[in-house]
Amino acid sequence: MKSILVVDDEKSVRDSLKMILEYEHYDVQFAEDGVKALAKVEKNSFDVILLDIKMPGMDGLEVLQRLRDKQSDLPVVIISGHGTIETAVEATKRGAYDFLPKPLDRDKVLVTVRNAIEQRNLRTQYQLTTLLVERMRERVEGRQVILGGSPKVKEILGIIERVAPTDARVLITGENGTGKELAAKALHRTSRRRDMPLVEVNCAAIPSELIESELFGHEKGAFTGATAQRIGKFEQANGGTIFLDEIGDMSLSAQAKVLRTLEEGKIERVGGMKLILVDVRVIAATNKNLPEEIKKGNFREDLYHRINVIPIHVPALRERREDIPILANSFLEEICNRDGIAKKTITDRALQMLKSMDWPGNIRELRNIVERLVIMTLGTLIDIQHIEMQTTPIKSELEDILNTTSTFQQFKAKAECAFIRKQLELHGWNISKTAEGLGIQRSHLYNKMKRYGLERKEQER
């Protein structure tokens, strides 16, 4: 039963509203003046308040202001006589839901009260839905944040805080595994476009002959196999952000089209004749030295200047060793929670050992090692000997390669073979994920596996 508070100093008005509302099964309470009304609101919960403007002592406008200060979402319907219509209109400007002129009309009263309750219910449902979505987002993205307290991380976070609210294009550079994607997501998550899509494109994982169709879409019949119209990534990101990861691996022809899109804010689907307006913020990332790629003729200088409005360099893990304990403990907690494993602790000695390691694979490698330690270590304490057990085979394999090769070509082939096998194992022999992690096309990975005779053993299945 919905509860309504009627605030009016005229008994006839209170009696009339009592009859109208109780007949419709509302729970109705009354107050003769503003002071008593505020006292009732302190002790009770109401769905709607019907408030008279002209009352002795505290008038309706003051009561409305005090109610707004305490419960901004509580619908207040003003009751006004003919001489107070202008005041009632002013009250609605100050936050009253509506006003009812005297003499009161039964149907108008019921419709106004019903609408006020429904609007409040809708607002409450929206707030709950928004809260639920936000919590789900936190669960999905909760760990996808830039962790660390080093000066370099603080500098990156400072740049993101200043740049995110703008539409400035950003170029994120850094080695593989340093967290360039996290910086891109942080930029989008704290931008004005956060409620619109963030569309990610791994330019290195898409064959050069398909990159244009992937980015800009295609019309039916545009080429062999184009059996239906396809919406490209730029259209999907309209109103939001597109993240062009590993843009340094994009073909020159695709670069030219991206440049045109940035200059004109328009795209054209492959095989299409119509220009389509798109409103997209572009964030790009690369592990390559683009100025060097420009000199080699692999990257357009004009595109480089278009995307490099705000540069962000994500340092290698070896350049921010003080962040390793924070990262390791965060990964530890995340993996234990994910897999339902009893909480484990890394000793200070073990953390110091992790800080002393080189981490050529950066944060990605650190996370893999922590995951291995969580799964393979018995008990709840991870110490130096556990790290040695999990990292020694890698060192031994490298030493074996060094000791059994006499030429650079032999070393390079054996090292590449070992590295690809290790990546395949880490990705559960998933070809697509491994190729994406390596930053190469699937076809290239298949060729390398064939060249080195890399096959999944029965015990690894």
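Structure's up top.
The following refers to the structure shown. All residue numbers here refer to positions counted from 1 along the written sequence of the relevant chain. It should be noted that, the model being predicted, local features are given only for residues of pLDDT at least 70 and side-chain atom pairs only at 80 or more, the latter also being counted only at that level, while totals for whole chains, interfaces and linings use all residues. Calculation of side-chain values draws on the structure's entire complement of heavy atoms; hydrogens and water are dropped beforehand.

## So, the overall build of the protein chain
Test applied: Note on conventions: DSSP H or I runs of at least 4 residues are helices, E runs of at least 2 residues are strands, and numbering of each starts at the N terminus. With the radius of gyration taken over C-alpha atoms, the globule rule is written as 2.2 Å times the number of residues to the power 0.38. The buried label applies to any residue whose accessible area, calculated with a 1.4 Å probe on protein chains only, is under 20% of its type's maximum; exposed applies above 50%, and partly exposed to all values in between. What makes two residues a contact is simply this: any of their non-hydrogen atoms within 4.5 Å. The accessible surface values rely on the Shrake-Rupley method and a 1.4 Å probe; as for residues, cover is taken only from the protein chains in view. Positive charge is attributed to Lys and Arg, negative charge to Asp and Glu, and no charge count is given to His or to the chain ends. Where a charge lies is defined by one atom per residue type, namely NZ (Lys), CZ (Arg), CG (Asp) and CD (Glu).
Within the protein chain one finds 19 helices and 14 strands. Against the globule reference of 23 Å for 461 residues, the protein chain gives a C-alpha radius of gyration of 32 Å, more extended than a compact globule. Here the C-alpha coordinates of the protein chain stretch approximately 105 × 65 × 45 Å along the principal axes. For the protein chain, with 461 residues in total, the buried portion stands at 43%. Pairs at least 24 apart in sequence give 68% of the contacts found in the protein chain among residues at least 6 apart. Of the roughly 24,900 Å² of accessible surface on the protein chain, a fraction of 51% belongs to carbon and sulfur atoms. Looking at charge distribution, the protein chain has the averaged site of its 71 positive side-chain charges lying 3 Å from that of its 69 negative ones.

## Some details on the pattern of salt bridges
Put simply, the test is: For salt bridges, the criterion is a side-chain nitrogen of Lys or Arg within 4 Å of an Asp or Glu carboxyl oxygen.
Inspection of every chain in the model, using the stated rule, returns 37 salt bridges. The partner of Lys152 in a salt bridge is Glu319, with the nearest N and O atoms 3.4 Å apart. With Lys152 in helix α6 (residues 151-163) and Glu319 in the loop between β12 (310-313) and α13 (324-339), this pair connects stretches of sequence that are 167 residues apart. A relative accessible area of 35% means that Lys152 is categorised as partly exposed. With relative accessibility at 36%, the residue Glu319 sits in the partly exposed group.

## Focus on the nonpolar core
The nonpolar side chains of a soluble globular protein tend to be buried with one another. We apply this condition: Buried residues of nine kinds, namely Ala, Val, Leu, Ile, Met, Phe, Trp, Tyr and Cys, make up a nonpolar core once their side-chain atoms join them within 4.5 Å.
In terms of nonpolar packing, the biggest core is built from 30 residues, with Leu215, Phe234, Leu244, Met250, Val258 and Ile307 touching the most fellow members. Mapped by element, the contributors of at least two residues to this core are β7 (198-202), α8 (211-216), β8 (241-245), α10 (252-264), β11 (281-286), α11 (290-296) and α12 (301-307). Per-element accounting of this core gives the leading share, four residues, to α10. Residues in contact with Leu244, not counting those within four places in the same chain, are Val201, Cys203, Leu215, Met250, Val258, Val282, Ile283, Ala284 and Ala285. Leu351, Met357, Ile363 and Leu366 belong to the second-largest nonpolar core, a separate cluster that totals 23 residues.

## Regarding the sheet that holds strand β6 (residues 170-173)
Definition in use: The criterion for strand pairing is that DSSP finds at least two bridges linking the strands in question. Throughout, an axis means a line fitted to C-alpha atoms (over the contacting stretch in the case of helices), and angles, computed between N-to-C directions, take values from 0 to 180 degrees.
Spatial strand order, β7-β8-β11-β6-β12: five strands in an open sheet with parallel pairing. Only two strands of the sheet have a single partner each, and these edge strands are β7 and β12. Strand after strand, the sheet turns through a mean of 15° between neighbouring axes, direction not considered. Pairing of β6 with β12 involves four bridges; the strand directions are parallel. If you follow Ile172 over to β12, its bridge partner there is Ile312. Most of the contacts of helix α7 (residues 180-189) go to β6, to which it runs at about 155°, and overall it touches β6, β7, β8, β11 and β12.

## What about the environment of Leu275?
As for its position among the elements, Leu275 is in the loop between β9 (266-267) and β10 (276-277). Separated by ten residues in the primary sequence, Leu275 and Gly265 place their C-alpha atoms 9.6 Å from one another. Here Leu275 is in contact with Arg260, Lys266, Ile267 and Glu268, once residues within four sequence places are set aside.

## Focus: α7
In terms of burial, α7 is a largely internal element, seven of the ten residues being buried. For α7, the set of buried residues is Lys180, Ala183, Ala184, Lys185, Ala186, Leu187 and His188. Check the buried side of α7 and you find it contacts α6, β6, β7, β8, β11 and β12.

## Examining the environment of Ile49
Mapping Ile49 onto the fold places it in strand β3 (residues 48-52). Spatially, the C-alpha atom of Ile49 lies 55 Å from that of Leu215, the residues being 166 residues apart in sequence.

## A look at the sheet that holds strand β4 (residues 76-80)
Taken together, five strands build an open sheet; the order of strands is β2-β1-β3-β4-β5 and the sheet is parallel. Two strands in the sheet have a free side with no partner beyond their single neighbour: β2 (27-31) and β5 (98-101). Adjacent strand axes in the sheet meet at a mean angle of 20° when their direction is disregarded. In this structure, β3 lies alongside β4, joined through four bridges in parallel fashion. By the bridge assignment for β4, Leu51 is matched with Ile78. Here helix α2 (residues 34-43) sits on the sheet in contact with β1 (3-7), β2 and β3, set at roughly 140° to β2.

## Some points on the packing of α2 against helix α3 (residues 60-70)
A packed helix pair is summarised by two numbers, namely the angle formed by the two axes and the spacing between the axes. For the record, the criterion: What sets the label is the angle itself: under 35 degrees gives roughly parallel, over 145 gives roughly antiparallel, 65 to 115 gives roughly perpendicular, and the rest give oblique. Here is the rule for handedness: rotate from the far helix to the near one, and if that takes an anticlockwise turn smaller than a right angle the crossing is left-handed, while a clockwise turn gives right-handed.
Running from amino to carboxyl end, α2 crosses α3 at an angle of 15°, the nearest separation of the two axes being 10 Å. One finds that α2 runs roughly parallel with respect to α3. Judged by the sense of rotation from one axis to the other, the crossing of α2 with α3 is right-handed. Facing Gly34, Leu38, Val41 and Glu42 of α2, the residues of α3 in contact are Val63, Arg66, Leu67 and Lys70.

## Regarding unusual backbone geometry
Note that the residue after Lys102, namely Pro103, is joined by a cis bond; omega there is -5°. A positive phi angle is found at Asn362, which is not glycine, with a value near 60°. Mapping Asn362 onto the fold places it in helix α15 (residues 362-376).

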